[in-house]
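Residues per chain are reported as follows:
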Amino acid sequence: MEETPMPTPPAGASASSAGASAGATPVSGPPTPPIPLGELLASKGLGLRRIAGPAEADLLWVHTSEMADPYPYLLGGELLLSAGVLLTDPDHYVARLVEAGAAALGFGVRPVHETVPEALIEACDRHGLPLLEVPPETPFTAIARAVWRLMAEARHRELRRVTRAQQALASAAARPDPVPAVLHQLATQLGGRAVLLTAKGEEVHAAGRLPAEETHAGGRSPVEETYTAGRSPAGETHAARRHAPQGPTAEALARLARVVARVRPGSPASATDAHGGTHLSAYALGGGEGLVLALATRRREPGDHTVAGIAVVLLSLLAAPHQGADAAGRSAALVRMLLGASPAEVAPLVGPEGPWAVVHARRTDGTPADALTAGTLGASLGSALVDAGRGGGDAVRVLVPGGGEPTRVAPQPGWTLGASAPTPLTALDAADTLAARALARAEATRAPLAVDSLASGLAALIPPDQAAAHARTLLAPLTAPLADTLRCWLSLHGSWDRTAVALGVHRNTVRQRIGRCAALLGTDLDDMDVRTELWFALRQG
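Colleague: Please clarify how the overall build of the chain should be interpreted in this entry.
Modeller: Along its length, the chain carries 17 helices and 19 strands. In the chain, which comprises 541 residues, the share counted as buried stands at 46%. Within the chain, residue pairs in contact and separated by at least 24 positions form 64% of the contacts whose partners lie at least 6 positions apart. Counting every atom, the chain has about 26,000 Å² of accessible surface; 55% of that belongs to carbon and sulfur.

Next comes the structure, spelled out in structure tokens:
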């Protein structure tokens, strides 16, 4: 007897597989979600009734067969419809269906059987196969149409979910901290934990929480318990340091990440596995940096692979090294300086011959910036020359091609910037000091950007050597900390509070230091003429 196949289901429907699979690549659209058996039973007009087996099953498609053993024609996940024309051994028949991976059996009564055979009911209960009674007035084609309708509706819902996730991830990628924002949004969309790992399995960024079976009594996973608020007990942000994963699930995720990390030829682009009741996925990022996106979720929905694929593309772009300047030239400049060359000798290798600006930056919310976030800031400012600092309170430093335009540096959302005026590469050490002062002033005044320039106006009329000699004589009684405090205090128009904020000290400390300056200099710092002369001298330092 020939098989009678139902129409081909929408592309992408497939049976679930256990264990790890590698080499998969993100698909262009989400596959069709399976249909819960309960939804089909609830369909009006079909009159279907479950009379044996478990209540839950996922249907991937419908198939009709009257063969005594339809095993060779089943792919798994089917609702098999039969009237039992050749049913002679119910137990063997059901066992073969279960072996083939069938999801459920729909048995039509009349004209072959007046009722569902009791032996078939017992066999389905014994083997754990859902058994549905199909009434005489319900044709098998009506059941098939109902399943395809439910699948079309489910696919439409999944497409909308993926579209919303794509929009949310794109918005996250446009934030000042794009890498953590994308991971956070991905963890939210998938309802699990998203981690950016190195090729060695060390965490760089993480968002979300591990599934519940691996949580402490307080309801948090071992990693989240330390980093939920974004800072460790020592005050570091989660992204500020790389650490080994904690807990069995996190360790399994790190092992899976090492499978796809592109540290050797032939590594797969992605891999999946399971640990207990947790679904694990790992995706290699592009750019040759060996970074891996790893996911741990309680459920694995059909569209999750597509959502993860979108995140992989965004993170690959965000984490890739910025190539705005010639990388070979920068490497050559570094080597030559390490071997003793002067800045003037290596300047032509770094970039344009024109002036450059030094920019110091800190996150507006006070969180330290990691290398990826700092690199994103550099790309926004149009430069690949970025120093992310050593974490903690260190400012990010960026060398920006000035082109002779002081306005080249623009405010950046989520950052507080201090910039020097454009200066030759041979004078960047002085510009670095000016940028640090500008950042302190910007933080004290809560401005997104402050620019500190070299001497100009009337000060530029005095020969630099004479001005420097006068400054050394005038400021000789002051120690370096006192001179820095006086400079900051004068730049902020004598504001005690804003000077304290800029220097990170108590306002009473500022008062004591300024009082000490007045005593050592023997001057009245409330006198405008005195302030002007001191400001001129301090600007030469």
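Colleague: What should I look at first to understand the sheet that holds strand 17 (residues 396–401) in this one?
Modeller: Hydrogen bonds between backbone groups are what pair the strands of a sheet, and the pairing can be parallel or antiparallel. Here five strands make up an open sheet; going across it, the order is 16-17-15-18-19 and the pairing mixed. The outermost strands of the open sheet, each flanked by one partner alone, are strand 16 (386–387) and strand 19 (449–452). Across five bridges, strand 15 (residues 356–363) lies against strand 18 (residues 415–420) in antiparallel orientation. Note that in strand 18 the partner of Ala361 across the bridge is Leu417. Along the sheet, helix 11 (residues 371–381) makes contact with strand 15, strand 16, strand 17 and strand 18, crossing strand 17 at roughly 20°.

Colleague: For this particular structure, what's the right way to read the packing of helix 4 (residues 140–173) against helix 8 (residues 304–319)?
Modeller: The relative placement of two packed helices comes down to the angle between their axes together with the axis-to-axis distance. Where helix 4 meets helix 8, the closest approach of the two axes is 9 Å, and the angle between their N-to-C directions is 15°. By the angle class used here, helix 4 and helix 8 are roughly parallel. Where helix 4 crosses over helix 8, the handedness of that crossing is right-handed. The residues of helix 8 that touch helix 4, namely those facing Glu158, Arg161, Val162, Ala165, Gln166, Leu169, Ala170 and Ala173, are Asp304, Thr306, Val307, Ile310, Ala311, Leu314 and Leu318. Across the contact of helix 4 with helix 8, the residue classes tally to 10 nonpolar, two polar and three charged.

Colleague: Please clarify how a nonpolar patch on the surface should be interpreted in this entry.
Modeller: Taken together, the side chains of Leu334, Val335, Leu338 and Leu339 define a hydrophobic patch exposed on the protein surface, amounting to about 460 Å² of accessible area. Within the element layout of this structure, Leu339 appears in the loop between helix 9 (327–338) and helix 10 (343–350). With a relative accessible area of 72%, Leu339 lands in the exposed category.

Colleague: So what exactly am I meant to see when it comes to the side chain of Glu78 here?
Modeller: Inspection of the secondary structure puts Glu78 in strand 7 (residues 78–82). Despite its burial, Glu78 remains without a salt bridge, the nearest opposite charge being carried by Arg96 at 13 Å. A distance of 3.2 Å separates a polar atom in the side chain of Glu78 from a polar atom in the side chain of Trp61. The residues contacting Glu78, other than those within four sequence positions of it, are Trp61, His63, Gly101, Ala102, Ala103 and Ala104.

Colleague: Would you explain empty space enclosed by the protein in this entry?
Modeller: A water-sized probe rolled over the atoms picks out the places where empty space is left. Applying the stated criterion to the full structure yields three cavities of 30 Å³ or more. Considering only enclosed or pocket space, the largest cavity measures out at about 40 Å³ in volume. Classifying every residue of the lining of the largest cavity gives six nonpolar, two polar and one charged.

Colleague: Looking at this structure, I do not really get the nonpolar core. What am I missing?
Modeller: Looking at soluble globular proteins, one finds that nonpolar side chains tend to be buried together. If you look at the biggest cluster of nonpolar residues, it comprises 31 residues, and the most contacted ones within it are Leu169, Val182, Leu183, Leu186, Leu293 and Leu295. Elements supplying a minimum of two residues to this core: helix 4, helix 5 (178–190), strand 10 (192–197), strand 11 (203–208), strand 14 (292–297) and helix 8. Top element by residues in this core is helix 8. It accounts for nine residues. Sequence-distant contacts of Leu183, defined by excluding residues within four places in its chain, comprise Ala194, Val195, Leu196, His205, Ala206, Ala207, Leu293 and Leu315. Listed in part, the 26 residues of the second largest apolar core include Leu59, Leu132, Val134 and Val147.

Rules used throughout
- Each residue is numbered by its place in its chain's sequence as written, counting from 1.
- Where local features are concerned, this predicted model is filtered to residues with pLDDT of at least 70; where side-chain atom pairs are given and counted, the filter is 80 or more; whole-chain, interface and lining totals use all residues.
- With hydrogens and water excluded, all non-hydrogen atoms of the structure serve as input to the side-chain values.
- The numbering of helices and of strands both runs from the N terminus, where a helix is a DSSP run of H or I of at least 4 residues and a strand a run of E of at least 2.
- Under the scheme applied here, a residue whose accessible area is under 20% of the maximum for its type counts as buried, over 50% as exposed, and between as partly exposed, the area being computed with a 1.4 Å probe on protein chains only.
- Whether two residues touch is decided by their heavy atoms; if any such pair falls within 4.5 Å, the residues are in contact.
- Per-residue and other accessible areas follow the Shrake-Rupley method at a 1.4 Å probe size, with only the shown protein chains counted as cover for residues.
- Paired strands, in this sense, are two strands between which DSSP finds at least two bridges.
- To obtain each axis, a line is fitted to C-alpha atoms, and for helices this fit is confined to the stretch in contact; angles are then taken between N-to-C directions over 0 to 180 degrees.
- Convention used here: angles under 35 degrees read as roughly parallel, angles over 145 as roughly antiparallel, angles from 65 to 115 as roughly perpendicular, and any remaining angle as oblique.
- By convention, the crossing between two helices is left-handed when the near helix turns anticlockwise from the far helix through less than a right angle, and right-handed when the turn is clockwise.
- Note on residue categories: nonpolar means Ala, Val, Leu, Ile, Met, Phe, Trp, Tyr, Cys or Pro, charged means Asp, Glu, Lys or Arg, and polar means any other residue, Gly included.
- Patch construction takes residues with relative accessible area above 30% that form no salt bridge. Like charges are linked within 9 Å, and nonpolar side chains (Val, Leu, Ile, Met, Phe, Trp, Tyr) are linked within 5 Å.
- Whenever a carboxyl oxygen of Asp or Glu lies within 4 Å of a side-chain nitrogen of Lys or Arg, that contact is scored as a salt bridge.
- Counted as positive: Lys and Arg. Counted as negative: Asp and Glu, with His and the chain ends omitted from the count.
- As used in this structure description, the phrase polar contact means that two N or O atoms lie within 3.5 Å; if the pair is within protein, one of them must be able to donate a hydrogen and the other to accept it, and residues adjacent in sequence are counted only when both atoms belong to side chains.
- Buried and open spaces are told apart on a 1 Å grid over the protein atoms alone, a cavity being a set of points where a 1.4 Å probe fits but cannot get out and a pocket being an open set with protein on both sides within 12 Å along at least five of seven lines. Residues with an atom within 4 Å of a point are the lining residues.
- Grid points are joined across faces, edges and corners, and a volume is the space filled by probe spheres set on the points.
- Within this scheme, the nonpolar core is defined by two criteria: the residues are buried Ala, Val, Leu, Ile, Met, Phe, Trp, Tyr or Cys, and they are joined through side-chain atoms within 4.5 Å.

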